[in-house]
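# Analysis of the macromolecular model
Next come the chains, spelled out residue by residue.
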Amino acid sequence: MSHPPTDPTAQPHLVSLVLQSKKALQHGQQLCSQSQSQYNVSAQEAVEVLALDAKVRWIADAIIEQLKLAAGVAKCIEEKRAALGKQVKSWDTSRTKYTNALESVLESLGGQVVPPDFHEESADSSLFGSQHSDADDEQPFGYHQNAQCRPIISPSTSPSATLRGKGKSRSVDLAERRRMARADRRKWKTLRDFVDDRAIEEILETIENERNILEDVLNQTADYPSSLDATINSLRDSLPLPPQVPILTQMQDVLVAQDTIITSMAEKLESLAVHYGQMAGALKETEETGEGFGEEDMQAMNRDTEELPIIMNELDECAQQVNEHLNRLTTSRKDFQQDLDHLLTVLDTLEGLGDIMSEMLLTQDSVEIKCEESLTSLQQQLETLDHLHERYVLYQTAFNKLVLEIARRRHYRESTESIVKGMISQLQVMTEEESQLRKHFNAECGAHLPEDICLSIGNEPTRWDVVPWPGDTREILPEIDADLIIEARERLQGQSDFVVGPESI
């Protein structure tokens, strides 16, 4: 490096130059010694960093494998829950079908009126019985399963007596009341009125309660998969990321860089030593010979000495770079140590998580057992609904057939009464004719016959009457409007489209 010529009068004394050279050499030696020590420390730090990196990678790999196992447990629980959910959903679908089928037949019962004559006489003559009896409380159908349709019995009368007006089957008040009741069908009862709704509601409420209990059991493990996944993801995200550049390469780069710097510093220290040796030799030569150096020599020595600050600055920069590299290594070691400490904490967390997952699996197994028991019970409840549906379908069918049966019996009764009426009229005519003939005979011959001969010749002809069989009474049937008979027949004809059971829904 060139410098402008120095003023000879301003040149420092040779001793001063020697002292400056010595001071620079000593400072340089100190810097080099410190840098060499730091270089040695850096090598040790690099070894520790590599060791920590190996431990971190080994533990991190082990943690990842354990997290995979934990994820498998979460998936297993989720699959088990999904299988249970599928069973429950299938039951819910069946429940909807059975319930809709029951509601449909109940709605149909509510749309079919019952003529007042069917139930207004007395509880004993009711076609369905009282739904409030003690025995009916045991049946959800509103009537005895073995109940028989009892005919409505009127006081004992014969067809002939009725035809001749000798007796009345009903009072005028009762007939008028029934006529008025039949006139307004909105006040009639329906088949639904003879159903025990309370028993049905109890069954549906029982099903709903058991379904809610099943839902509570299912909810015991509802958050297991999500909480496990959240924990697994949190632990996985907390793992240290692998460096973009391999640690071994980084350490080699740092040590090579430091080695280059140390070599450069040694060269600079050597130049300082050479300069100091030259200055010290010049001073010794002056002291031994007593002769000074010329102006040109002094200027050269002065220029060389002025280069010392530049070299010292370069040494300072090199020493700072060595220190910076050491700090990088130290920071890396601390970071890896923190990562290692964190991974050890994660291992402890995983150990605790393992215990938790064991409890989760045991709980899930318990939930499965309880769900299977609940589903079995609920399936039995559905069978009860199916039986109810079938019972009410048969109930409605039997009622429709009852209407047609009563209509048939009424036709039979009217036909027999018509025969009886004709027979009575014919007997009356024959009796009158016989009476006239007997009167004519008696008028013509009776006065000429002895009184003690054929005493019965003067008797009137026997009068005949057609009466029910001894012990029987005239059958009284409920009044049924013609449109109700037609409706019942149509319902029975359409019965093939309404299969018993919800499978056809």
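The present account deals with the structure reproduced in this document.

Here is what the cut-offs are and how they apply
Residues numbered from 1 in each chain as written. Predicted model: local features only at pLDDT ≥ 70, side-chain atom pairs only at ≥ 80, totals over all residues. Heavy atoms only, no water. Helix = DSSP H or I, 4+ residues; strand = E, 2+ residues; numbered from the N terminus. Buried < 20%, exposed > 50% of the residue type's maximum accessible area, 1.4 Å probe, protein only. Contact = heavy atoms within 4.5 Å. Axes fitted to C-alpha atoms, helices over the stretch in contact; angles between N-to-C directions. Parallel < 35°, antiparallel > 145°, perpendicular 65-115°, else oblique. Left-handed = near helix turned anticlockwise from the far one by under 90°. Nonpolar A, V, L, I, M, F, W, Y, C, P; charged D, E, K, R; others polar. Salt bridge = Lys/Arg side-chain N within 4 Å of Asp/Glu carboxyl O. 1 Å grid on protein atoms, 1.4 Å probe; cavity = no way out; pocket = protein on both sides within 12 Å on 5 of 7 lines; lining within 4 Å. Points joined across faces, edges and corners; volume = space filled by probe spheres on them. Phe/Tyr/Trp six-rings, centres within 6.5 Å; stacked < 30°, edge-to-face > 60°. Expected span 1.5 Å × (residues − 1). Arc of directions from axis to C-beta. Polar contact = N/O pair within 3.5 Å; in protein donor to acceptor, adjacent residues only side chain to side chain.

Right, let's get into the side chain of Arg-410. Note that Arg-410 resides in helix H8 (residues 308-445). A relative accessible area of 16% means that Arg-410 is categorised as buried. Once residues lying within four places of it in the same chain are set aside, the contact partners of Arg-410 are Leu-477, Pro-478 and Glu-479.

Contact pair helix H5 (residues 224-238) / H8: the axes reach a minimum separation of 11 Å and the direction vectors enclose 170°. With respect to H8, the axis of H5 lies roughly antiparallel. Here H5 runs over H8; the crossing is left-handed. Residues Tyr-224, Ser-227, Leu-228, Thr-231, Leu-235 and Ser-238 of H5 pack against His-342, Val-346, Thr-349, Leu-350, Leu-353, Met-357, Met-360 and Thr-363 of H8. For the contact of H5 with H8, a count of residues per class yields eight nonpolar, six polar and no charged.

Turning our attention to the pattern of salt bridges. This model, assessed by the stated rule, comprises 18 salt bridges. Among the ionic pairs, Lys-80 bridges to Asp-365, the shortest N-O distance being 3.4 Å. Of this pair, Lys-80 sits in helix H1 (residues 14-110) while Asp-365 sits in helix H8, placing them 285 residues apart in sequence. Overall, the relative accessible area of 33% leaves Asp-365 in the partly exposed class. Ionic contacts of the salt-bridge type, sharing partners, join the residues Glu-45, Glu-48 and Arg-333 into one network.

As a further point, take empty space enclosed by the protein. This structure, assessed with the given rule, holds one cavity of 30 Å³ or more. Estimated volume of the largest cavity: approximately 50 Å³. As for the largest cavity, its lining consists of Gln-112, Val-113, Pro-115, Phe-399, Asn-400, Val-403, Leu-484, Glu-487 and Ala-488. Those elements that provide at least two residues to the lining of the largest cavity are H8 and helix H9 (482-493). Broken down by class, the residue content of the lining of the largest cavity amounts to six nonpolar, two polar and one charged.

Our next topic: the layout of surface pockets. In this approach, a probe sized like a water molecule rolls over the atoms, and the result shows the empty space that is left. Considering only enclosed or pocket space, the largest pocket measures out at about 340 Å³ in volume. Forming the walls of the largest pocket are 20 residues, and the residues nearest its centre are Val-56, Pro-240, Leu-241, Pro-242 and Pro-243.

With that out of the way, let us pick up the packing of aromatic side chains. Under the defined criterion, the tally for this structure stands at two aromatic pairs. Summarising the aromatic geometry, the rings of Phe-118 and Phe-399 are spaced 5.8 Å apart at their centres and angled 55° between planes, so their arrangement reads as tilted. Taken as a pair, Phe-118 in the loop between strand E1 (113-114) and strand E2 (152-153) and Phe-399 in helix H8 lie far apart in primary sequence, 281 residues in all. Look at Phe-118 and you get buried, because its relative accessible area is 1%.

For H5, with 15 residues, the first-to-last C-alpha span of 21 Å sits near the 21 Å given by 1.5 Å per residue. Within the sequence span of H5, burial applies to Tyr-224, Pro-225, Leu-228, Ile-232 and Leu-235. Along H5, the residues classed as buried sweep out an arc of 105° about the axis, all on the same side.

A word on H9. Since the α-helix advances by 3.6 residues per turn, residues separated by three or four positions end up pointing in the same direction. Helix length check: H9 (twelve residues) gives 17 Å between terminal C-alpha atoms against 16 Å at 1.5 Å per residue, within 8%. Residues of H9 that are buried: Leu-484, Ile-485, Ala-488 and Leu-492. Buried residues in H9, looked at end-on, bunch into an arc of 105°, giving them a common side. Seen from the buried face of H9, the exposed residues on the opposite side, beyond 90 degrees, are Ala-482, Glu-490 and Gln-493. Summarising the contacts, the buried residues of H9 are in contact with E1 and H8.

Moving on, we come to the side chain of Arg-474. Relative to the assigned elements, Arg-474 resides in the loop between H8 and strand E4 (475-476). A relative accessible area of 12% places Arg-474 in the buried class. Only 2.5 Å separates the side chain of Arg-474 from the side chain of Glu-417, close enough to count as a polar contact.

Remember, this is a structural readout, not a statement about activity or role.
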